[in-house]
Amino acid sequence: MSKDGIEVLVIGYTGAGKTVLIQKLSDYGSKIAKKTRSPPDSFFDFEFPPQPTTGSEFFKAQFSKTKIRFREIGGALRSIWATGLKNTNKVMFLIDSSSPQDVADAQCELLELLGHPDSQSLPFLIVLTKIDIESSLLLEEINNVLRLDMLEPEMKNRIRMTETSTKTHENFDSIIDWLCLPLA
Ligand SMILES: Nc1nc2c(ncn2[C@@H]2O[C@H](COP(=O)(O)OP(=O)(O)OP(=O)(O)O)[C@@H](O)[C@H]2O)c(=O)[nH]1
Ligand SMILES: [Mg+2]
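Here's a quick rundown of the structure. Just so it is clear, the model here is predicted, and its values are computed rather than measured. (Residues numbered from 1 in each chain as written. Chains lettered and ligands numbered in written order. Predicted model: local features only at pLDDT ≥ 70, side-chain atom pairs only at ≥ 80, totals over all residues.)

## A closer look at the overall build of the protein
Each helix and strand in the protein was counted, giving five helices and six strands. Starting at the N terminus and walking to the C terminus, you meet the elements of the protein as β-α-β-β-β-α-β-α-α-β-α. In summary, the protein has a C-alpha radius of gyration of 16 Å against a globular reference of 16 Å for 184 residues, a match within 12%. For the protein, the C-alpha atoms occupy an extent of roughly 45 × 40 × 30 Å along the three principal directions. Considering the protein as a whole, with its 184 residues, one finds that 33% of them fall into the buried category. Considering only contacts within the protein whose residues lie at least 6 apart along the sequence, 77% involve residues at least 24 apart. (Helix = DSSP H or I, 4+ residues; strand = E, 2+ residues; numbered from the N terminus. Rg over C-alpha atoms; globule rule 2.2 N^0.38 Å. Buried ≥ 20, exposed ≤ 12 C-beta atoms within 10 Å, placed from the backbone. Contact = placed C-beta atoms within 7 Å.)

Pasting the structure below:
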């Protein structure tokens with residue numbers, strides 16, 4: 001953990017929703033800090049649509065007393081995602097649940113990352129995004145493709161999976177709880 005708090009690596013294919021989720025979780029965190037409940041929906045709207053992340057970007061956020069520093073590595077830099085494992089405390093892996101191709105590709109990708117020497121005992125949160133889209137796959141369907149239940153207990157025990165939408169904000173509280181869990 002750095003002086004900036006818990007370091008979280010955020011990865012996933014292009015357009016999975018990494019930048020938007022980080023920004024909206026951060027906004028949500030500052031709302032909690034100000035004890036403002038039920039913000040108007042416009043609170044979550046952006047003036048400009050997000051641009052694809054071409055490199056690696058850092059974002060700082062505060063959730064109650066916990067400081068988080070997110071590092072997003074854009075989907076375009078898939079070949080260097082694993083380099084981010086070295087200097088992080090946790091990993092968020094986003095999958096666009098409306099893209100069957102991304103879901104299928106994610107299985108190998110996840111196995112590789114979980115088995116990487118630098119991943120060791122890192123906790124992973126798999127976040128299925130865009131569940132507001134009608135054609136998106138259900139969590140159980142994605143679970144059947146990823147087959148995480150087949151993993152060795154050491155890997156299985158450090159993985160959590162959740163689903164969300166940056167439009168409707170499902171599970172934001174539990175994602176923030178996971179982010180703020182103290183490091184083992
Ligand atoms: N319907 C819907 N669209 C979303 C959601 N989250 C993000 N998007 C849209 O998906 C697009 C890509 O979002 P980004 O956050 O830029 O994706 P990214 O994963 O950071 O992509 P890269 O930086 O290119 O790797 C944007 O147009 C977002 O508005 C969601 O929950 N639901
Ligand atoms: Mg991005």
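That covers the picture; the talk isn't over yet.
## Comments concerning the nonpolar core
By size, the foremost hydrophobic cluster in this structure holds 38 residues, and its most contacted members are Val-8, Val-10, Met-92, Phe-93, Leu-94, Ile-95 and Val-127. With residues up to four places along the chain from it excluded, the contact list for Val-10 reads Lys-18, Ile-22, Phe-70, Arg-71, Glu-72, Met-92 and Leu-94. (Core = buried A, V, L, I, M, F, W, Y, C linked by C-beta atoms within 7 Å.)

## Examining unusual backbone geometry
Here Arg-147, not a glycine, exhibits a phi torsion of approximately 50°, which is positive. Following the sequence through the fold, Arg-147 ends up in the loop between α3 (139-146) and α4 (153-156). Take Arg-147: there are 10 C-beta atoms within 10 Å of it, and that puts it in the exposed class. Of note, Asn-171 is a non-glycine position whose phi angle comes to about 60°, a positive value. Counting through the fold element by element, Asn-171 comes out in the loop between β6 (159-163) and α5 (172-180).

## As for the pairing of strand β5 (residues 124-129)
Counting buried residues in β5 gives six out of six residues, a clear majority hidden from the surface. Residues Phe-124, Ile-126 and Leu-128 of β5 are buried on one face, and the alternating residues Leu-125, Val-127 and Thr-129, pointing to the opposite face, are buried as well. Of the pairings in the sheet, the one linking strand β4 (residues 90-96) to β5 comprises six bridges and is parallel in character. Across the sheet, the residue bridging to Phe-93 is Ile-126, located in β5. (Pairing = 2+ DSSP bridges.)

## Some remarks on the sheet that holds β6
Judged by pairing direction, the sheet is mixed, and its six strands sit side by side in the order β2-β3-β1-β4-β5-β6 without closing on themselves. Only two strands of the sheet have a single partner each, and these edge strands are β2 (56-63) and β6. For this sheet, the mean angle separating the axes of adjacent strands, direction not counted, is 25°. In this sheet, β6 lies alongside β5 in parallel orientation, the contact comprising five bridges. Bridge pairing in β6 links Val-127 to Thr-162. Sheet strands in contact with helix α2 (residues 100-114) are β4 and β5, and its direction is about 165° off that of β4. (Axes fitted to C-alpha atoms, helices over the stretch in contact; angles between N-to-C directions.)

## Let's talk about the packing of α2 against α3
Each pair of packed helices gets described by two things: the angle between the helix axes and the distance between those axes. It is at 9 Å that the axes of α2 and α3 come closest, and there the two elements cross at 50°. It follows that α2 is oblique to α3 by the angle criterion. The two elements α2 and α3 meet at a crossing, and its hand is right-handed. In this structure, α2 contributes Val-103, Ala-104, Ala-106, Gln-107 and Leu-110 to the contact, and α3 contributes Ile-142, Val-145 and Leu-146. Taken together, the residues that form the contact of α2 with α3 break down as seven nonpolar, one polar and no charged. (Parallel < 35°, antiparallel > 145°, perpendicular 65-115°, else oblique. Left-handed = near helix turned anticlockwise from the far one by under 90°. Nonpolar A, V, L, I, M, F, W, Y, C, P; charged D, E, K, R; others polar.)

## Quick look at the environment of Leu-113
With respect to the helices, strands and loops of the structure, Leu-113 is situated in helix α2. Leu-113 sits 32 residues away from Trp-81 along the chain, and the two C-alpha atoms are 8.6 Å apart. Setting aside chain neighbours within four positions, we find Leu-113 in contact with Trp-81, Ala-82 and Ser-119.

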